[in-house]
Amino acid sequence: MSMSSLILSSVFGSSYTNLMYSLGSSGCGTSGPASCQNTSMVTDTCCFESPGGQILQTQVWDTDVAGSPADSWTIHGLWPDNCDGSYIEDCDPSRDYTDILLDSQGATSTLDYMQQYWLNDDGTNEEFWEHEWATHGTCYSTLNVDCLPSNSPVGAEAVAFFETVVGLFKTLPTYDWLADAGITPSSSETYTLSSLLSALETASGYTPALGCSSHTLSSISWYFNLKGSVIDGDFVPIDTPKRSSCPSRGIKYPPKEG
C-alpha cells in the first residue's frame, strides 16, 4: 500500500510538552534527566532518548512550492542527532511503513495540518513524510515498538512521531517572530545575520541555526533536549551547538512565488 493510503483511510517558556498524542501515556514521566544532560549512564532508553538526544526541529523557506503558505515557514522534520553532533539514519527498515492510517488512529487534525505545512518540493507530500519517518523517526529510542503502550496498533509510533513534529512546529512561529522585528520577505531588501538571529533570540529566548543557499535564507534548525518520551515528554530548548551557514550580511529573504 502506498503512503497515499495514509491520507485516505508560542514562546518556549521552559519546555514544550506534546499534548497531541493519540497513543495515551508513555508511562515515562518527565522527572528524569534531559537527553544529553545526564551525568551517569541511563539504561532505560524507552524513557530516555539515546543516543539521539540532541533534537533538531527543522524548517524550510521554500519559495517555489505550490500551495506553500506565504506567511509561514514549513516543516522539514525532527532529527535526533547524537549528543556530539553526529547522527545515524534509517535505523529500522522493518518499520518503513507505507500504510500509516493517521485518520483511523485519531490524528485527522494532524493530517490536515501536515497537508498545509509539511510540503514536498520534489514529489508528493506523502513521499516526504514517509522519508522523514524512515530516515529519522525510526532512530528514536523512545519510539521503539517495545516502548509503546500495550495493544498499540501497527504504526502507532509513526503516528506519534508525526503528531509530535506538528505540535512542536506550532510553538516555533519563525515567520511571525521575524516579522515582529520588521523582517519580512522582500524582493529588494537584504538582512544581516546578526539582525535575523537577534530577532529570533529576542522572541524565543534561544539561538537557532540559520541555513542559506548562497546568500538566500532557506532553513532554520531549533535545538532541544528531551525529558521522557517523544510520545509525551518535555522538549527542553537549547541554543544551537552549531554555527549558522549564512553569510554575515547581504542575506536575501525572498517572497514565495505562490
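What comes next is a walk through the structure. What you see is a predicted model, and the numbers here were worked out from it, not measured in a lab.

### Some points on the pairing of strand E6 (residues 216-227)
And then number 1: Here strand E2 (residues 54-60) pairs with E6 via six bridges, running antiparallel. Residue Ile55 lies in a different strand from E6, and its bridge partner there is Phe224.
And then number 2: Pairing geometry for strand E5 (residues 209-213) and E6, over five bridges, is antiparallel. Within E6, the residue paired with Ser213 across the bridge is Thr216.
And then number 3: Once E5 ends, the chain turns through two residues before running back antiparallel as E6, passing Ser214 with a positive phi of about 60°.
And then number 4: As paired strands, E6 and strand E7 (residues 234-238) are joined by five bridges and run antiparallel to one another. Bridging across to E7, Phe224 finds its partner in Pro237.
And then number 5: Counted along the chain from E6 to the antiparallel partner E7, the turn is six residues long, and its residue Gly228 has a positive phi close to 90°.

### Brief notes about the nonpolar core
And then number 1: One finds Trp118, Phe161, Phe162, Leu210 and Tyr253 to be the most contacted residues of the largest nonpolar core, which totals 53 residues.
And then number 2: Taken together, the elements giving at least two residues each to this core come down to strand E3 (74-81), helix H2 (108-117), helix H3 (125-135), helix H4 (156-170), helix H5 (174-180), helix H6 (193-204), E5 and E6.
And then number 3: Of all the elements, H4 adds the most residues to this core, at nine residues.
And then number 4: Beyond its immediate sequence surroundings of up to four residues, Tyr253 is in contact with Trp61, Trp73, Tyr175, Leu178, Ile183, Thr184, Pro185, Ser186, Tyr191 and Leu217.

### Quick notes on the pairing of E7
Side-chain positions along a regular strand alternate between the two faces of the sheet.
And then number 1: Within E7, five of the five residues are buried, leaving the element largely enclosed by the surrounding structure.
And then number 2: Across the two faces of E7 the burial is the same, with Asp234, Val236 and Ile238 and Phe235 and Pro237 all buried.

### Some words on H2
And then number 1: For H2, the set of buried residues is Thr110, Leu111, Tyr113, Met114 and Tyr117. Along the axis of H2, the buried residues cluster in a sector spanning 165°; they form a single face.

### Focus: the packing of H2 against H4
When two helices pack together, you describe them by how their axes are tilted relative to each other and by the distance separating the axes.
And then number 1: In contact at an axis separation of 10 Å, H2 and H4 are set at 60° when each is read in the N-to-C sense. As judged from the angle between their axes, H2 and H4 are oblique. At the point where H2 passes H4, the crossing takes the left-handed sense. Of the residues in H4, those in contact with Thr110, Tyr113, Met114 and Tyr117 of H2 are Phe162, Glu163, Val166, Phe169 and Lys170.
And then number 2: In terms of residue class, the contact of H2 with H4 is built from six nonpolar, one polar and two charged.

### Describing the state of the cysteines
And then number 1: One pass over the full model with this rule turns up five disulfides.
And then number 2: With its sulfur 2.0 Å from that of its partner, Cys36 forms a disulfide with Cys83. Taking the sign of the torsion about the S-S bond as the criterion, the disulfide between Cys36 and Cys83, at about -90°, is left-handed. Of this pair, Cys36 sits in the loop between strand E1 (16-17) and E2 while Cys83 sits in the loop between E3 and H2; the two residues are 47 residues apart in sequence, bridging distant segments of the chain.
And then number 3: The partly exposed category is assigned to Cys36, whose relative accessible area is 27%.
And then number 4: Owing to a relative accessible area of 43%, Cys83 belongs among the partly exposed residues under this scheme.
And then number 5: Within the chain, bonded cysteines paired by disulfides and numbered along the sequence follow the pattern 1-4, 2-5, 3-8, 6-7, 9-10.

Calculation rules
- Residues numbered from 1 in each chain as written.
- Predicted model: local features only at pLDDT ≥ 70, side-chain atom pairs only at ≥ 80, totals over all residues.
- Heavy atoms only, no water.
- Pairing = 2+ DSSP bridges.
- Helix = DSSP H or I, 4+ residues; strand = E, 2+ residues; numbered from the N terminus.
- Core = buried A, V, L, I, M, F, W, Y, C linked by side-chain atoms within 4.5 Å.
- Buried < 20%, exposed > 50% of the residue type's maximum accessible area, 1.4 Å probe, protein only.
- Contact = heavy atoms within 4.5 Å.
- Arc of directions from axis to C-beta.
- Axes fitted to C-alpha atoms, helices over the stretch in contact; angles between N-to-C directions.
- Parallel < 35°, antiparallel > 145°, perpendicular 65-115°, else oblique.
- Left-handed = near helix turned anticlockwise from the far one by under 90°.
- Nonpolar A, V, L, I, M, F, W, Y, C, P; charged D, E, K, R; others polar.
- Disulfide = S-S within 2.5 Å.

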